[in-house]
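# Architecture at a glance
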Amino acid sequence: MALNPVESGSGTNLKMLDYLASGIPTITTTVGARGLDIPCDMIVTCEKEEMKNHLDDKPIKSPESIRKYIHNQFDWSHISEKYFDSALAQYKNKIVVVNTYSVYPPRGGGQNRIYYIYKEIAKRVPVTIISIVPPHGEPGVKEIAPGLTQISICKTSDHVATEMQLEETTGANLGDVSVMLHHEKTPEFLQTIIHEADDADVVVCSHSYCISAIHGHIDKPIIYESHNVEYLLKQQMYDHDKCSDILQHVYDHELSLIHISEPTRRTPISYAVFCLK
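Small disclaimer: the values here were computed from a predicted structure and weren't measured. (Residues numbered from 1 in each chain as written. Predicted model: local features only at pLDDT ≥ 70, side-chain atom pairs only at ≥ 80, totals over all residues. Heavy atoms only, no water.)

### Comments concerning unusual backbone geometry
Each neighbour pair has its own omega, and for Tyr104 with Pro105 the value is -5°, a cis peptide bond. Residues other than glycine seldom take positive phi values, yet Asp37 does so here, at roughly 55°. With respect to the element layout, Asp37 can be found in the loop between strand S2 (26-28) and strand S3 (44-45). On the basis of relative accessibility, which here comes to 68%, the residue Asp37 falls in the exposed class. With phi around 85°, His207 is a residue other than glycine that occupies positive phi space. Here His207 lies in the loop between strand S8 (202-206) and strand S9 (222-226). (Helix = DSSP H or I, 4+ residues; strand = E, 2+ residues; numbered from the N terminus. Buried < 20%, exposed > 50% of the residue type's maximum accessible area, 1.4 Å probe, protein only.)

Encoded structure:
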């Protein structure tokens with residue numbers, strides 16, 4: 001039996017999918033199951049304090065039916081196909097994806113998501129991921145899967161100094177927010193985006209923070225694929241008293257993207273995709 005007692009966090013609990021895909025009976029808090037929309041007959045949900053009272057409970061559905069459901073709904077190839085068909089099918093030559101961190105090797109949830117989705121899409125169309133990384137990161141160009149290339153650009157010392165000053169003031173990790181506010185301090189990032197976009201069909205902004213480095217600088221279609229409502233996530237992560245200005249920046253920025261975008265046709269995918277006008 002698997003127990004998922006989490007009561008807070010900033011993303012989807014991927015371990016839930018590991019448990020269920022393995023056919024392990026799972027007891028979870030409502031926070032642990034958030035964002036997955038798993039039918040109530042496949043898991044046992046209760047408060048953390050009540051878990052000890054449910055150790056003998058079993059889901060109504062059989063392990064095999066649960067495994068089949070998880071595979072059909074959450075397998076990377078299945079998710080990628082739905083995303084591709086809803087937003088990218090018209091693009092045949094090259095897709096550029098811009099991101100605020102390296103996705104390889106994939107370890108965390110965000111890295112896994114981007115890497116495995118675009119690894120699948122790269123089987124159809126070549127994909128180049130442009131990532132802005134800390135100075136201790138590994139810069140350069142690397143093929144990380146067939147048809148999938150990552151270009152990593154290290155932040156300049158000036159960019160890092162500005163980021164550190166913000167973090168000292170707020171006590172928060174602002175690596176992604178600093179890209180939104182100060183991407184111009186790493187000129188190579190924008191230069192690489194412009195160069196790679198030249199022969200691309202479309203540029204995808206993975207996360208909202210890179211949009212300011214893209215919008216107005218290239219003449220290709222731009223897609224903003226939203227992992228989360230970033231403002232709500234940052235609200236959970238940041239001290240409101242110290243980070244009120246930063247939170248307002250994130251809120252205003254994210255809202256502005258919705259105002260200038262056109263949602264793609266509605267499909268049952270697990271994130272929003274917007275095509276910027």
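### Considering the sheet that holds S3
Taken together, 3 strands build an open sheet; the order of strands is S1-S2-S3 and the sheet is parallel. Two strands in the sheet have a free side with no partner beyond their single neighbour: strand S1 (2-4) and S3. In the sheet, S1 pairs with S2 via 3 bridges, with the strands oriented parallel. Bridge pairing links Asn4 to Thr28 in S2. Strand contacts of helix H1 (residues 14-21): S1 and S2, with the helix running at about 160° to S1, the strand carrying the most contacts. (Pairing = 2+ DSSP bridges. Contact = heavy atoms within 4.5 Å. Axes fitted to C-alpha atoms, helices over the stretch in contact; angles between N-to-C directions.)

### Brief notes about the packing of aromatic side chains
What characterises a pair of aromatic rings is the spacing of the ring centres plus the angle enclosed by the ring planes. Using the criterion set out here, one finds 5 aromatic pairs in the structure. Ring geometry for Tyr231 against Tyr251: centres 5.0 Å apart, planes inclined by 70°, an arrangement best described as edge-to-face. Of this pair, Tyr231 sits in helix H8 (residues 230-237) while Tyr251 sits in helix H9 (residues 244-259), placing them 20 residues apart in sequence. A relative accessible area of 37% places Tyr251 in the partly exposed class. One aromatic cluster is present, built from ring pairs that chain together Trp76, Tyr104, Tyr115 and Tyr116. (Phe/Tyr/Trp six-rings, centres within 6.5 Å; stacked < 30°, edge-to-face > 60°.)

### Quick look at the pairing of strand S7 (residues 148-154)
Walk down a regular strand and you will see the side chains alternate between the two sheet faces. Burial of S7 is extensive: 7 of the 7 residues sit out of reach of the surface. Here S7 shows two buried faces, one formed by Leu148, Gln150, Ser152 and Cys154 and the other by Thr149, Ile151 and Ile153. Two strands pair when backbone bridges link them, and strand S5 (residues 127-133) and S7 are joined in this way by 7 bridges, in the parallel orientation. Opposite Ile130, over in S7, you have Ile151 as the bridge partner.

### Some points on the confidence of the model for the protein
On average, the protein scores 89 in pLDDT, and the residues at 70 or more come to 92%. Counting contacts from residues 265-271, a segment whose pLDDT is below 50, to residues more than four positions away or on other chains yields 13 contacts. (pLDDT = per-residue confidence, 0-100.)

### Quick notes on the nonpolar core
Formed by 24 residues in total, the largest nonpolar core has its most connected members in Leu88, Ile95, Tyr118, Ile121, Val127 and Leu148. Val127 has contacts with Ile95, Val97, Tyr118, Ile121, Ala122, Gly147, Leu148 and Thr149, leaving out every residue within four places of it along the chain. (Core = buried A, V, L, I, M, F, W, Y, C linked by side-chain atoms within 4.5 Å.)

### Quick look at H1
Inspection of H1 places Met16, Leu17 and Leu20 among the buried residues, and these make up the whole buried set. Along the axis of H1, the buried positions cluster into a sector of 95°, meaning they face one direction only. Considering only its buried residues, H1 is in contact with S1, S2 and helix H2 (63-74). A positive backbone phi angle near 75° is found at Gly23, which sits one or two residues after H1. (Arc of directions from axis to C-beta.)

### Re the packing of H1 against H2
Contact geometry of H1 with H2 gives a least axis separation of 8 Å together with a crossing angle of 135°. On the basis of the axis angle, H1 is oblique to H2. From H1, Leu17, Leu20 and Ala21 reach across to H2, where they touch Ile66, Arg67, Ile70 and Phe74. For the contact of H1 with H2, the class distribution of residues is 6 nonpolar, no polar and 1 charged. (Parallel < 35°, antiparallel > 145°, perpendicular 65-115°, else oblique. Nonpolar A, V, L, I, M, F, W, Y, C, P; charged D, E, K, R; others polar.)

### Considering the packing of H2 against helix H3 (residues 76-88)
Two elements in contact, H2 and H3, have axes whose closest approach is 5 Å; the angle formed by their N-to-C orientations is 35°. Together, His71, Asn72, Gln73 and Phe74 of H2 and Trp76, His78, Ile79 and Lys82 of H3 make up the contact between the two elements. Considered class by class, the residues forming the contact of H2 with H3 number 3 nonpolar, 4 polar and 1 charged.

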